[in-house]
Each structure stands twice: as structure tokens, then as C-alpha cells.
Amino acid sequence: MRRSGPELWKTLTSVSKSGQKKGRRNTRQPVRPLNRFYRIGSSPMKVEFAGLNAPMRFKEEEGLMAIGEQTEDEIRDSLGGIRKILEEKDTGKKKRNREKLHPMERGFSGTQLVGQKLGAPPPVDGVDFDDFETYCLEVKRTSNMTNVFGRVHTMSALVVTGNGRGLAGYAVGKAPIHRTTTAIINGMGMASRKIFHVELHEGRTIYQDFYAECRNTRVFAQRRPRGFGLTCHPRLIKICEAIGIKDIYVKVEGSTKNYLALTHAFVTGLLNQETHQQLAERKGLHVVEMSPSRHFLPQIVASPISTELKTEETLEALDRLNLDDFYGEGRYPLRKPKALPFFSNLEGHLDARWRKHPFRNQESTMIRLIADNMVPRWTRDARAAWAEQRNERMTTGVEPIPLGIGLSHVVKKKED
């Protein structure tokens, strides 16, 4: 009893200057209000201790400890005391009123800002970005070791912004520890100052397939027809929405968790692509597109203007290089074969496949015969009638016997 409660707690919570530099402040015990839950001498049985929670007794027959009688109110208060304290503790906190979002606008997680729409960035030098939309791709804690303060932790936020029509920008914002919102706001301001323009084919996809890499992240992007959608990494989906890309397929290999390298590789590939006119000027050839919507008929989409058109005799070996090899730098995405089921090599499964082997072409044959109006219905009687009719035509010489694999020539049967 020589020291007070704050002085005793100071022995557990205090940190020296040298300890603060080494980051020991976060490892100390917090001050806990023990007297709110643990009162010395109080219990549900109302035990009276002489000199502690009851007056001193000087007679020996009275004893130093006694059990007193409790009223109904005291029993009720003693049983609900801790519950009352906990309820007061919960009501003291301010509950955050979270805005209910549509499931398509909740981002990558329902409780974080990562992936959600954050609105337009603030104006810069009198320039407004009202038609821009911002997405936060990543929020993480970073640390830096200094010689004065030791390990200093900061918050880092990767932010991308764009207007959906080819203009976009991305940046990394930083702020002190536990200042997530400040880091995102700083990133929005920096991204609005680093705007770049991406050329889009038909305003919806890329001009050609490309390969790009950054550190251990490799990106293979392929353009797709109208209505295909965005089939790629979730972070790349947000980047495509900010830029305005609507139809694309992107395969990511290597590190898929380094979101900064992923963003940098994808944006680098977009900025390095060529338009049809630029390709025609560089090659000196017509750029021809064969679309399935036109039954793969060739259509000239760009022709050289400032350069001379090359002929067949002046073409070089490099001009005959496949564009996929040129833009892909000789790299192709890894295509893994589909894994076989566990029963593929079992004896019963192999026997069932062998029993089905004679009928392996039956489905295609059925479709062909019905489509050619050879057989009205796929029944045994209809097939037997068709086979008998065809046999009669071949034996009479009306229809020639087909020769092919397994039947090189026809030998007439000798008459006895």
C-alpha cells in the first residue's frame, strides 16, 4: 500500500527513450481497470471481513469473518453487476453507420474500401475530374528502418483513376500508420497528376494481343469480340473499367499478389501497343482484318500513307513474321492439360470404355444421316430398311461401292 495504482501501472507500461527507438512501446501492457470487475471483499455471498468491508470487531466470539444476510435487491444487483458494466461499455462506443452498397459495388470485400468506387479525385490547378472514377486496388502497411526512430510503419495505398474513355492514371499514396483514408486521398491526388491515354480499338478492346512483364509478374493480354466481357484478374478488371476496356482476356503468370507490378506490367503493355494505321506505316503494307462476322472475308482497315507500299519482291523475312510472335516476343501462355479424374485408370472404367468403343462414331453418324434425309427416324427398322435399300443399289450397279481404308478393291464371287 505504499504505492498508488498509477505508479504501479507505470512500472508495466513505461518505456525508456532507447526502448521507444527500438519499437518496444507496442509490446507493453495496456492499463486495465481491474477495480471495475474485481472488488476486494465483494462476492455474491456477502462475506463481511472485519476491517476491510465491515467495522472492526474486538470481541473474540464475533470472529474476523461473517456471512451476512442479503435482500432480494442486493442479490439481483450482485448477479447483474458485471452485465451492467459490459452494457455500459458497449453503449459508450459510437457505432459506425455503414452505407448499404449494391453487391456489384462492394469491391473485393464487404468491409473494406479496396475495390469500391471512391468517386472523382480532387481538382488540380483548376482542372476538374468530374467524369473520373477512382478505385483503390490495395492497402497495406509498410515499414522503414531508421537510425533514430527504429522501425517506422506507414500505410500505403495503390489507387487508379480514369474516365472510361481512354484516360487513366495510377499512383501509390502514403500516410502515417492507421491513416488509411489519408493514404487513399493522397494516392487520388497523385494519380490525377499522372494521367496517360490508351488507344482503344472500336472504343472497347485492345488493338492486338501483347505480352508484358514486371518483376516476376507476366501478363498475356488477348483482344476479344464484342460482348465477351472482362475475363482477367480482379485488380485488372478495375483497371479496365477505369480505362474503358469492355472486352478482353488476360492471363497472369508468376506472382499474382504483387499488385503494383501487375498494374505496371498491364499499363506498359497498353501504352506500347500500335494502332492499325501505325502498323501500316511501319510495315509499308495493308492491314487486313478477317472477322467471323463477315465470314472471314478480308477487309482492309488501314493502308500506308507516308511510306511506300511494298510489293511481293521487296518483302523481307521479318515482314513475314507472325504478328503474335512479334507482339508476344516469342512467348505464349502456359496451357496446362485438364487433369484426369481419379477413376480414369481403374479396371472397371477401362472395360466400360472398351465396350463403348464400337459405338464411338454412332452419334456423328446419326446426325449426318438424319440431316441428309437418309433415315427418317433413328430406329432399328428405319436403319435396316435404309441398309437393305443401299445394298440392293450397290449389287445392281446403280450406286458404286465406296473404296477406302480397309476396302481397296472389289472381287466378284465365283459361281460354282
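First, a word on what this report is: a plain description of the structure on this page. Predicted model only: the values in this text are computed from it and were never measured.

Cut-offs and rules
- Residues numbered from 1 in each chain as written.
- Predicted model: local features only at pLDDT ≥ 70, side-chain atom pairs only at ≥ 80, totals over all residues.
- Heavy atoms only, no water.
- Axes fitted to C-alpha atoms, helices over the stretch in contact; angles between N-to-C directions.
- Helix = DSSP H or I, 4+ residues; strand = E, 2+ residues; numbered from the N terminus.
- Parallel < 35°, antiparallel > 145°, perpendicular 65-115°, else oblique.
- Left-handed = near helix turned anticlockwise from the far one by under 90°.
- Contact = heavy atoms within 4.5 Å.
- Nonpolar A, V, L, I, M, F, W, Y, C, P; charged D, E, K, R; others polar.
- Salt bridge = Lys/Arg side-chain N within 4 Å of Asp/Glu carboxyl O.
- Buried < 20%, exposed > 50% of the residue type's maximum accessible area, 1.4 Å probe, protein only.

It is worth spelling out the packing of helix α6 (residues 234–243) against helix α7 (residues 259–271) at this point. Two elements in contact, α6 and α7, have axes separated by 10 Å at closest approach and are oriented at 40°. Relative to α7, the element α6 is oriented oblique. Handedness of the crossing formed by α6 with α7: right-handed. Of α7, the residues touching α6 (which contributes Arg235, Leu236, Ile239, Cys240 and Ile243) are Tyr259, Leu262, Thr263, Phe266 and Leu270. Of the residues in the contact of α6 with α7, the class split is eight nonpolar, one polar and one charged.

As a further point, take the pattern of salt bridges. Inspection of every chain in the model, using the stated rule, returns 11 salt bridges. As a salt-bridge pair, glutamate 274 and arginine 282 come within 2.9 Å of each other at their nearest N and O atoms. Salt bridges linked by common partners bring Glu202, Arg204, Arg226 and Asp247 together as one network.

As a further point, take unusual backbone geometry. In this model, histidine 178 sits at a positive phi of 65°, which is unusual for a non-glycine residue. With respect to the helices, strands and loops of the structure, histidine 178 is situated in the loop between β5 (167–176) and α5 (180–191). Note on histidine 178: relative accessible area 70%, which makes it exposed. With a phi close to 60°, phenylalanine 296 is a non-glycine residue in the positive phi region. By secondary structure assignment, the location of phenylalanine 296 is in the loop between β11 (287–290) and β12 (298–302).

What is shown is where atoms sit, not what they do.
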